[in-house]
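# Architecture and fold: a report
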Amino acid sequence: MIRKTIHDILASYDKNDLTIATVCSHSSLQIFHGAKQEGFRTLGIVVGEQRRRFYDAFPLGKPDEFLMVENYKEILTLTKELQDQNTIVIPHGSFVEYLGPDMFMTLQLPTFGNRDVLMWESDRDKERIWLEGAGLTMPYEVKNPKDIHNPVIVKYHGAKGGKGFFIAKTYAEFKKRIQSDKPYTIQEFVMGTRYYLHYFYSPIQQNAYKLSKGSLQMLSMDRRDETTIDEVQRLGSIAELEEIGIHPTFVVTGNIPIVMRESLLPKVFQMGEQVVEKSLSLFGGIIGSFCLETVVTENLEFKVFEISARIVAGTNPYITGSPYSDFIMPNLSTGRRIAQEIHYASQHDQLEEILS
Ligand code: AMP
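Before going further, it helps to spend a moment on the nonpolar core. If you look at the biggest cluster of nonpolar residues, it comprises 43 residues, and the most contacted ones within it are Ile20, Ile75, Ile88, Phe112, Ile342, Leu351 and Ile354. Looking at this core, the elements that each hand over two or more residues are α1 (2–12), β1 (19–23), α2 (28–37), β2 (41–47), β3 (65–69), β4 (87–89), α5 (93–99) and α12 (334–347). In terms of residues, this core owes the most to one element, α12, which gives four residues. In contact with isoleucine 75, other than residues within four places in its own chain, are Val23, Ile45, Leu82, Leu99 and Leu107.

Below, the structure written as structure tokens:
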């Protein structure tokens, strides 16, 4: 139903006069900057003057125009106006969160990527069917808390940015901390180093790592900076702190650039390929940017604990390119790569294949 609507909206667009829009947050500076580099008009949807003001300090990342709204739901009432400007929306994590998944799914504006990915990514069981079905290794799940015999991480469903997650090493520790009124998942806590891998899949271009349809790039990778877990040792060991009731948390506050041993790259591409190929058979394919959140163990095995199916904020350190994208072209951010894909698709009459 929504596909037909989007098809009709796109048919009415002037493809030589497109506007790239997103919500002012998350990776918006990069999205606007990249869109401008590729010659698009840009529009920032923003709630509140205070949020708008700081864009003045970043002229190259500032959208050409702002659309001030009282709250994000108001976007739904403004779609006609946005359609009149031939607007294409670039969704990012905050965009989907602020609007809410249900409203995002019904948004009557062409959006970059495949909306159907949302239900595969937001439901932990479906996500596991997808990723394990693709052949990736995920941390094992503990169904019964009484079976906790090794460190686990407890994740509340729908929790954003790692909020409220906790580590337990025994059933007793789990019982002490759990808020059983909220649904949760218990997952093996994987010991190793974290790498958040930023891929870009084009179903319409053949100029990178070739897949059964289209091709795959790996544009960059980061490590998240998470408070308090990443700095908690400044105060004492976790065990000491837990004794006095101080527990580490996993709230993301920033992103750190990183590169990986080159010998691991074949595996990185293989994992990306498996995820894309499986997505093609499950729901017509993930499109554009996505991120695999991984831990590499001491045996150099990847365990994938999460997928984000759109641009992640971990790409923000790479506005002028990364040690990987520099081998594709200079100054290639993920924001710019998205704009390039839209540009290519509009020139080849293939917008429908990358928008939904
Ligand atoms: P998530 O919301 O699933 O991205 O998890 C938030 C943070 O918790 C991650 O960025 C990691 O630092 C940590 N984390 C999540 N799952 C695991 C795991 N299975 N093993 C170790 N650390 C994890």
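From this point, the discussion proceeds with the structure in view.
Bringing the pattern of salt bridges into the picture now. A side chain with one charge may pair with a side chain of the opposite charge, provided their charged atoms come close. The final tally for this structure, using the stated rule, is 23 salt bridges. Lysine 169 serves as the salt-bridge partner of glutamate 173, at 3.4 Å between the closest nitrogen and oxygen. Assessed through its relative accessible area of 25%, glutamate 173 is described here as partly exposed.

The assigned domain composition of the protein chain is domain 1 (1–111) and domain 2 (145–190 + 225–254). For domain 1 and domain 2, the distance between their C-alpha centroids amounts to 36 Å.

As a further point, take the side chain of serine 202. By the secondary structure assignment, serine 202 is in strand β8 (residues 193–202). A polar contact of 3.2 Å, which involves the side chain of serine 202, links it to the backbone nitrogen of isoleucine 204. If we skip the residues at most four places from it in the chain, serine 202 touches Lys213, Gly214, Ser215, Arg337 and Glu341.

Another aspect to go through is the site of the ligand. Among the 16 residues in the neighbourhood of the ligand, the closest are listed as Val190, Tyr196, Glu226, Glu293 and Glu306. Interatomic distance of 2.6 Å between a side-chain N/O atom of tyrosine 196 and an oxygen atom of the ligand. A distance of 2.4 Å is found between an oxygen atom of the ligand and a side-chain nitrogen or oxygen belonging to glutamate 226. Isolated, the ligand exposes 480 Å² of accessible area, and the fraction of that covered by the protein chains is 96%. Contributions of two or more residues to the shell around the ligand are made by β5 (152–156), β7 (184–188), β8, β10 (215–228) and β13 (302–308). Its residues assigned to classes, the shell around the ligand shows eight nonpolar, one polar and seven charged.

What counts as what
Residues numbered from 1 in each chain as written. Predicted model: local features only at pLDDT ≥ 70, side-chain atom pairs only at ≥ 80, totals over all residues. Heavy atoms only, no water. Core = buried A, V, L, I, M, F, W, Y, C linked by side-chain atoms within 4.5 Å. Buried < 20%, exposed > 50% of the residue type's maximum accessible area, 1.4 Å probe, protein only. Helix = DSSP H or I, 4+ residues; strand = E, 2+ residues; numbered from the N terminus. Contact = heavy atoms within 4.5 Å. Salt bridge = Lys/Arg side-chain N within 4 Å of Asp/Glu carboxyl O. Domains from an automatic or database assignment. Polar contact = N/O pair within 3.5 Å; in protein donor to acceptor, adjacent residues only side chain to side chain. Near = heavy atom within 4 Å. Areas by Shrake-Rupley, 256 points an atom, 1.4 Å probe, with all protein chains shown as cover. Nonpolar A, V, L, I, M, F, W, Y, C, P; charged D, E, K, R; others polar.

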